[in-house]
Number of protein chains: 2
Amino acid sequence: MARRKSGKNTAPPDRSLRYRNLKHPFAPQTVFSEDEVASIHDTALRVLEELGMKILLDEARDTFSESGAIVDGDMVRIGRDLVNEAIRTAPSRFELRCANPERAIDYKNGALFFRPGAGCPNCSDRIRRRRPGTLRDFEETIKLSQNFEVIHGFGPCVEPQDIPVQFRHYETMRAQLEFGDKPMFVYSRGRAQVHQSLEMIQLGLDLDDEEFSSAAWATTNINTNSPRLLDRPMAQGIIDFARARQLLVITPFCLAGAMAPITVAGALALQHAEALACITLAQMAKPGSPVSYGGFSSNVDMKSGSPAFGTPEMFKMQLGSGQLARHIGLPWRSAAGSASNASDMQAAMENDMGLFGCMLSNATLVIHSGGWLEGGLTFGYEKFINDIEMLQSLAELCHGVSASDAEIGYDAMREVNPGGHFFAAAHTMERYRTAFYEPLVANLDNFGTWNGKGARNSFERATDLWQSALNSFVSPSTGKSARERIRAYVESNVKKGGAPLLD
Amino acid sequence: MARRKSGKNTAPPDRSLRYRNLKHPFAPQTVFSEDEVASIHDTALRVLEELGMKILLDEARDTFSESGAIVDGDMVRIGRDLVNEAIRTAPSRFELRCANPERAIDYKNGALFFRPGAGCPNCSDRIRRRRPGTLRDFEETIKLSQNFEVIHGFGPCVEPQDIPVQFRHYETMRAQLEFGDKPMFVYSRGRAQVHQSLEMIQLGLDLDDEEFSSAAWATTNINTNSPRLLDRPMAQGIIDFARARQLLVITPFCLAGAMAPITVAGALALQHAEALACITLAQMAKPGSPVSYGGFSSNVDMKSGSPAFGTPEMFKMQLGSGQLARHIGLPWRSAAGSASNASDMQAAMENDMGLFGCMLSNATLVIHSGGWLEGGLTFGYEKFINDIEMLQSLAELCHGVSASDAEIGYDAMREVNPGGHFFAAAHTMERYRTAFYEPLVANLDNFGTWNGKGARNSFERATDLWQSALNSFVSPSTGKSARERIRAYVESNVKKGGAPLLD
């Protein structure tokens, strides 16, 4: 049997380059009729017009008021004319850039990008066990995210809780600049931190003002406090990112039966209303600024009261969210992830369901695509490696195959006798090095061989892979100079006491 | 938080009834253009016309010869006129019946049916470990298959190796009749065993000749020995099942790079040629007899030389097989399954990929959908339970959701204040008992609760579920009488020495 000589466990570079700039291979599937989509959209507009959003930031209410929305205390009622104008000015396609031009992202419907599990206070691996996140963990997850081509941008996988909050963004931005060259993430935790984070990107990547504002270089995530509440840091983040023309990913987290109506259609109507309110604020702050529609709606588990992920209901919400995003002509972000407490079959299945939900709803950006355990409370290293296998498999599906005469290989079938084998056929020899995806962590040994080697399951084997990725990690060519360029800026701001959070 | 009172771990019966008679929710996706499909089909016809199949059974060669095929030694060359005639007479839809009329299957394109992992010489569970299959194991897997509505028919999950082969079919048919009321499986291991197995079904279900021949009550699986070889038991099975108008599921196992060309298109061209040869033989033996197109093509793993499952290449072959089946107008069978040696994340992911390949290619019958480990060498009980969770989730996706005004719930959104919750909303209270799929083995407890309960992963928890399913198992109402009706028949045939295998 012809075998590759390579002893590497990771896919060879030539193959992983196929995982850049993916295009969805499947037609978007639907759960609602066009009339039903219009009805959900219309209900969302009614919610904004008649019930309104509670918006806690004065500046945001003023922006709405100046544009003609009705402000009454903290409540803002937004007419559909304002929403429609926002939908009109929001771009349906924009560029998300980064240190490495080859990793720039053409953000639009039909494109497909993966980001790792994000926002986890804890992390976990088989050697060091479960622990509160530290800067070391944050840096490791940036390196792991950089290591795999199928991860297309950074997220805050683990919260570095050992760094005081007023200094934390210096470290998270520095780590992304030093260890990575993919599109970066900024937390919206107040104007001061946002401005400094964006300044660090501009400085670190050596961009003049025009270059920086010509494209999105940073992404932030905007969550509403469902139902119908937008807090101060999120509202300010919308305004600041819009003005800087950086990417706002607007993502209500509507948990059906808890913070949202218990039905798929009801949870989506609320999600849609909240997303439209935020998109409208962004477009009021700066018409034409890049926004991504987003949805991370799922259902509550009726036994435990916990958020559930990868459920059939979440899948249907993903399909419906894709329909709503296309209804308003915007690219959209979805998510996968798992509620499992262990890196087990449940964890794999929930993530797989969420990922296929993203594939069939044609989500442009897939967040939490790897490593996300406990509903986001822990980032699991071994889980991340196993999820990379799935992401690479999905990326492979984005590449078609040919059925030319040469590929079909009639001559090979003539060459091989009945009951024979194709191992040595010319058709095989010409192609065996690149014919198939080579597994990352999957083991295909027969039971005896596998057992003889220690009977290690995919959780155990994954340890080797993240360890070797970290041990052999080399920063991108841009990392060292980026770090040098921000050094004085960070030192000076640290001396001044850092930047406060907005509560 | 509103909770169900039920302490049961299995889905309540009212919900699981939704898992009968499933219809595919997704439009079939494609990997080839229509021209490419036609080209693969045409190549398959050329293979049959110019290269031919080696067919080891005299009677089959005679059948071909009498119908105008060119027989030269063991080689049979089949003109496309003969193949086209077979495609014309093969029904595109037929009924697959069983003891319970409510579990009858309308076998056609667009329908979706799951069968468990099949053909495993070994089985494994967490308590009794890995072992060669016995009759006890066979009976247990029939009971587990009967227990879950989402399993729509029986397969030979585990081979009962403790029963001598000449008596084995008496036990496997008896167990299916006694413990189940779903469509049954018969191995094609020679005319004597096939005839006796079919007689046992007719006797056990108390069917007169007309009833028995009016529909398919039994299924057999026909595998070719790729490339281009059909052995004696399989050829005889085709003839015997066709004459009895029972269901032939024709499934070449074309392993790209080993027994088939290394390309997706090439493996499918060979699969298609072999499937068409078998379908043609069936229709020659009895025009109009029910046949299902089938494909279980995948790729060889280049590191180990082993068959791989759930790979991107297999997924593309599934999409292409669906296209080829629709090209000739027949329903088709695909498969999932895993090559993993452990019930781990690899095992889950491989099966999930295979299952979504079946969903997106609109396979009518999905074999090996649960429990199949080690590429079919072991049936894993805990893996089966975890796979049932996925199958139930996919079955849930077959049911749409409404976006009526009542479902959207504008009034609920008005009722709940910003930042509030929907737990007690009237809209929630009316629906919470049935709004969501209730997980079978997934655990949604928070980490502390889960850890306090023993930190059991989904592999460990699944043990409880198969044990309780077996402990509380009640045979269907038809089981006892069916067993009584076959008793004398079996005793008499055992005394005669059983029935020989055909080599």
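Every value quoted in this text rests on a predicted model; they were computed, and no experiment measured them.

Draft legend 1. Structural view of the overall build of chain A. The number of helices and strands found in chain A is 19 helices and 20 strands. Rg of the C-alpha trace for chain A: 24 Å, near the compact-globule value of 23 Å for 503 residues, within the 12% margin. Summarising its shape, the C-alpha atoms of chain A cover approximately 80 × 60 × 50 Å along the three principal directions. The buried share of chain A, taken over its 503 residues, is 65%. Relative to all contacts within chain A whose residues are 6 or more apart in sequence, the contacts with residues 24 or more apart total 76%. Surface accessibility of chain A: about 16400 Å² in total, with carbon and sulfur atoms responsible for 48%.

Draft legend 2. The relation of the copies chain A and chain B, seen in detail. The transform that puts chain A on chain B rotates by 180 degrees and translates by 0.0 Å along the axis, for an RMSD of 0.0 Å. The transformation just described matches what one would write down for a two-fold rotation axis. Considering only C-alpha atoms, the part of chain A nearest the rotation axis is Met345 of chain A, at 2.5 Å.

Draft legend 3. Inspection of the interface of chain A and chain B at higher detail. Residue-level contacts link 121 residues of chain A with 120 residues of chain B. Counting the surface lost from both chain A and chain B, the interface buries some 9800 Å², and carbon and sulfur atoms represent 68% of this. Where Arg15 of chain A meets Glu313 of chain B, a salt bridge forms, and the shortest distance between an N and an O atom there is 3.7 Å. Along the contact surface separating chain A from chain B lie 40 residue pairs in polar contact (both at pLDDT 80 or more). Tallied by class, the residues present in the side of chain A that touches chain B amount to 60 nonpolar, 31 polar and 30 charged.

Draft legend 4. Up close: the packing of aromatic side chains. The final tally for this structure, using the stated rule, is 33 aromatic pairs over all chains. On the numbers, 5.2 Å between centres and 85 degrees between planes, the contact of Phe185 of chain B with Tyr187 of chain B is edge-to-face. For Phe185 of chain B, a relative accessible area of 6% translates into the label buried. Pairwise contacts between aromatic rings join Phe26, Phe315 and Phe356 of chain A together with Phe26, Phe315 and Phe356 of chain B into one cluster. Here the basic side chain of Lys143 of chain A rests over the ring of Phe179 of chain A, its NZ or CZ set 4.6 Å away from the ring centre. For Arg189 of chain A, the ring lying beneath its charged end belongs to Tyr187 of chain A, and the centroid distance is 3.7 Å.

Draft legend 5. Quick peek at the sheet that holds strand 11 (residues 218–222) of chain B. Residues and elements named next belong to chain B. Taken together, the 8 strands give an open sheet; going across it, the order is 1-7-18-17-15-13-11-10, and neighbouring strands pair in mixed fashion. With one partner strand each, in any of the chains shown, strand 1 (22–23) and strand 10 (184–185) form the two edges of the open sheet. Strand direction decides the pairing type here: strand 17 (residues 332–335) and strand 18 (residues 365–367), joined by 3 bridges, are parallel. Each residue of the ladder has a partner; that of Ser334, found in strand 18, is Val366. Where helix 9 (residues 232–243) meets the sheet, its contacts fall on strand 11 and strand 13 (247–250), and the angle it forms with strand 11 comes to roughly 150 degrees.

Draft legend 6. Up close: the pattern of salt bridges. Applying the stated criterion across every chain yields a total of 76 salt bridges over all chains. We note a salt bridge from Glu178 of chain A to Arg174 of chain A, for which the minimum N-O separation is 3.1 Å. With a gap of 4 residues between them, Glu178 of chain A and Arg174 of chain A both fall in helix 6 (residues 165–179), about one helical turn apart. Here Arg174 of chain B and Glu139 of chain B are joined by a salt bridge, their closest N and O atoms 2.7 Å apart. Of this pair, Arg174 of chain B sits in helix 6 (residues 165–179) while Glu139 of chain B sits in helix 5 (residues 135–147), and the two are 35 residues apart along the sequence. By relative accessible area, which is 10% here, Arg174 of chain B ends up buried. Given the relative accessible area of 18%, Glu139 of chain B is considered buried. Each of the salt bridges in this network shares a partner with another, and the network as a whole consists of Asp125, Arg128, Arg131, Arg136, Asp137 and Glu140 of chain A.

Draft legend 7. Region of the structure containing the state of the cysteines. Under the definition given, this model contains 0 disulfides over all chains. Here Cys120 of chain B is not cross-linked by a disulfide; its sulfur's nearest cysteine counterpart is in Cys157 of chain B, at 7.3 Å.

Draft legend 8. Geometry of the environment of Ala192 of chain A. Residues and elements named next belong to chain A. Here Ala192 shows up in helix 7 (residues 191–204). In this structure, the C-alpha to C-alpha distance between Ala192 and Arg128, residues 64 residues apart in sequence, is 35 Å. For Ala192, the contacting residues outside a window of four places in its chain are Ala499 and Pro500.

Draft legend 9. Inspection of the side chain of Asn362 of chain A at higher detail. Residue and element names in this part refer to chain A. With respect to the helices and strands, the residue Asn362 is situated in the loop between helix 12 (345–360) and strand 18 (365–367). Given a relative accessible area of 10%, Asn362 falls into the buried group. Residues in contact with Asn362, not counting those within four places in the same chain, are His24, Phe26, Ala27, Pro28, Asn109, Arg326 and Trp332.

Draft legend 10. Up close: unusual backbone geometry. Residues and elements named next belong to chain A. Of note, the amide linkage connecting Ser226 to Pro227 takes the cis form, showing an omega dihedral of 0 degrees. Relative to the helices and strands, Pro227 resides in the loop between strand 11 (218–222) and strand 12 (229–230). The phi dihedral of Arg228 falls on the positive side, at around 60 degrees, and the residue is not glycine. Classification of Arg228 by relative accessible area gives buried; the value is 4%. In the Ramachandran plot, Glu374 falls in the positive-phi region, its phi being about 55 degrees despite a non-glycine side chain. With respect to the element layout, Glu374 can be found in the loop between strand 19 (372–373) and strand 20 (378–380). For Glu374, a relative accessible area of 8% corresponds to the buried category.

Draft legend 11. Structural view of helix 6 of chain A. Residue and element names in this part refer to chain A. End to end, helix 6 covers 21 Å across 15 residues, agreeing with the expected 21 Å (1.5 Å per residue, within 8%). For helix 6, the buried fraction is high: 11 of the 15 residues fall into the buried class. When helix 6 is considered as a whole, its buried residues turn out to be Arg168, His169, Tyr170, Thr172, Met173, Arg174, Ala175, Gln176, Leu177, Glu178 and Phe179. Considering only its buried residues, helix 6 is in contact with helix 5 (135–147), strand 10 (184–185), helix 7 and helix 19 (479–495).

Draft legend 12. Representation of the pairing of strand 13 of chain B within the structure. Residues and elements named next belong to chain B. Along strand 13, one buried face is formed by Leu247 and Val249 and the opposite face, lined by Leu248 and Ile250, is buried too. Pairing of strand 11 with strand 13, which is carried by 4 bridges, proceeds in the parallel orientation. In the strand pairing of strand 13, Thr219 is matched with Leu247. Pairing geometry for strand 13 and strand 15 (residues 291–294), over 2 bridges, is parallel. Its bridge partner being in strand 15, Val249 is matched across the sheet by Ser292.

Draft legend 13. Spotlight on the nonpolar core. The biggest cluster of nonpolar side chains holds 311 residues, and the ones touching the most others in it are Ile201 and Leu230 of chain A together with Ile201 of chain B. Excluding residues within four positions of it along the chain, Leu230 of chain A makes contact with Met53, Lys54, Ile55, Leu56, Ile222, Asn223, Thr224, Ala235, Ile238, Cys278 and Leu281 of chain A.

Draft legend 14. Summary view of helix 11 (residues 312–328) of chain B. With 17 residues, helix 11 of chain B ought to run about 24 Å at 1.5 Å a step, and its terminal C-alpha atoms sit 25 Å apart, in line with that. Following helix 11 of chain B by one or two positions, Gly329 of chain B adopts a phi angle in the positive range, close to 75 degrees.

Draft legend 15. Here's a closer look at the environment of Val83 of chain A. Residues and elements named next belong to chain A. Examined against the element boundaries, Val83 turns out to sit in helix 4 (residues 80–89). For Val83, a relative accessible area of 1% gives the class buried. Placed 59 residues apart in sequence, Val83 and His24 show a C-alpha to C-alpha distance of 29 Å. Dropping the residues within four chain positions of it, Val83 is found in contact with Leu45, Leu48, Ile78, Leu276 and Thr280.

Draft legend 16. Summary view of the packing of helix 2 (residues 34–51) of chain A against helix 10 (residues 264–285) of chain A. All names here are of chain A. Running from N to C, helix 2 and helix 10 cross one another at 55 degrees; their axes reach a closest spacing of 8 Å. Taken together, the axis directions place helix 2 and helix 10 in an arrangement best described as oblique. In this structure, helix 2 meets helix 10 at a crossing whose hand is right-handed. Of the residues in helix 10, those in contact with Ile40, His41, Thr43, Ala44, Leu45, Val47 and Leu48 of helix 2 are Ala265, Leu268, Ala269, His272, Ala273, Leu276 and Ala277. Looking at side-chain class alone, the contact of helix 2 with helix 10 contains 11 nonpolar, 3 polar and no charged residues.

Reading the values: rules and limits
- Residues numbered from 1 in each chain as written.
- Chains lettered and ligands numbered in written order.
- Predicted model: local features only at pLDDT ≥ 70, side-chain atom pairs only at ≥ 80, totals over all residues.
- Heavy atoms only, no water.
- Helix = DSSP H or I, 4+ residues; strand = E, 2+ residues; numbered from the N terminus.
- Rg over C-alpha atoms; globule rule 2.2 N^0.38 Å.
- Buried < 20%, exposed > 50% of the residue type's maximum accessible area, 1.4 Å probe, protein only.
- Contact = heavy atoms within 4.5 Å.
- Areas by Shrake-Rupley, 256 points an atom, 1.4 Å probe, with all protein chains shown as cover.
- Least-squares fit on C-alpha atoms with pLDDT ≥ 70 in both.
- Buried area = accessible area lost by both parts, 1.4 Å probe.
- Salt bridge = Lys/Arg side-chain N within 4 Å of Asp/Glu carboxyl O.
- Polar contact = N/O pair within 3.5 Å; in protein donor to acceptor, adjacent residues only side chain to side chain.
- Nonpolar A, V, L, I, M, F, W, Y, C, P; charged D, E, K, R; others polar.
- Phe/Tyr/Trp six-rings, centres within 6.5 Å; stacked < 30°, edge-to-face > 60°.
- Lys NZ or Arg CZ within 6 Å of the ring centre and 35° of its normal.
- Pairing = 2+ DSSP bridges.
- Axes fitted to C-alpha atoms, helices over the stretch in contact; angles between N-to-C directions.
- Disulfide = S-S within 2.5 Å.
- Expected span 1.5 Å × (residues − 1).
- Core = buried A, V, L, I, M, F, W, Y, C linked by side-chain atoms within 4.5 Å.
- Parallel < 35°, antiparallel > 145°, perpendicular 65-115°, else oblique.
- Left-handed = near helix turned anticlockwise from the far one by under 90°.

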